[in-house]
Structures are given as structure tokens and as C-alpha cells.
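Geometric and topological summary
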Amino acid sequence: MSKQTTRAFALGLLLSAILILVFKPFDTVHKESTVKEGYEQIKKTDLKQLQQEKAQLEEKYNALLAKNNDKATSEEKNQASSKKDEKQNDGTIKYRITIKSGM
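Keep in mind the model is a prediction, meaning the values are calculated, not measured.

1. Details of the overall build of the chain
Summing up its helical and strand segments, the chain has two helices and zero strands in all. Each of the 103 residues in the chain was classed as buried or not, and the buried ones make up 0%. Total accessible area on the chain stands at roughly 11,000 Å², and carbon and sulfur atoms take up 56% of it.

Right under this line is the structure:
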């Protein structure tokens, strides 16, 4: 290869690189989505709104959980008093054993 051929080849590579850099931003055909599969892209305002809704639902959940715990403790007290009555009447003691996995 002569100097002239090498220079022409280098000039061709340089021009092709410049053309690629200039026209790449206008290429919309092969743009890939930056959002991963299984995800959705939302606006920041929508995100803030969803976070507020989540906080409200968590507050409601905690309130209902506390209410259910109060009901459960009152039911346990009632059951305990009825068990004491049964225990005094029959003289027998009944136990309930629950074995969960991993015990």
C-alpha cells in the first residue's frame, strides 16, 4: 500500500466517524427503551401522588390492625374467663398445641 492509499483509507474512516456522530441523534428507528421489561415509566408528579396514597393506605392499615388487636385481646380475655369457669366445673384441663413448620 502506498502513502496515498493509506491516507485515503484514514480519511474515509474519519469521514464515516464524523457522519455517524452527526446523524446518530436523529436516528429514531432503533432507539431502545431505557425502561426495563416489566416496569412502567411515570412522571415525578405521579410518583409523589402514589407515595402519598401509599402513606394514607399504610395509616389506614395500621389503624385497622390496632382495632383488630384490641378485639382479639378482648376475645382472649373472654375465652380465658370461660376456660377458668370450665376448669372449675369439670376439674379437667384442656390444652391446645399448635405445631407450625420449622418448630
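Now that the structure has been shown, we can carry on.
2. Considering a nonpolar patch on the surface
Taken together, the side chains of L11, L14, L15, I18, L19, V22, F23 and F26 present a nonpolar region at the surface, about 830 Å² in accessible area. Along the polypeptide, L14 turns up in helix α1 (residues 3-23). Judged by relative accessible area, which is 49%, L14 ranks as partly exposed.

What counts and how
- Residues numbered from 1 in each chain as written.
- Predicted model: local features only at pLDDT ≥ 70, side-chain atom pairs only at ≥ 80, totals over all residues.
- Heavy atoms only, no water.
- Helix = DSSP H or I, 4+ residues; strand = E, 2+ residues; numbered from the N terminus.
- Buried < 20%, exposed > 50% of the residue type's maximum accessible area, 1.4 Å probe, protein only.
- Areas by Shrake-Rupley, 256 points an atom, 1.4 Å probe, with all protein chains shown as cover.
- Patch = residues over 30% accessible without salt bridge, like charges linked within 9 Å, V, L, I, M, F, W, Y side chains within 5 Å.
- Salt bridge = Lys/Arg side-chain N within 4 Å of Asp/Glu carboxyl O.

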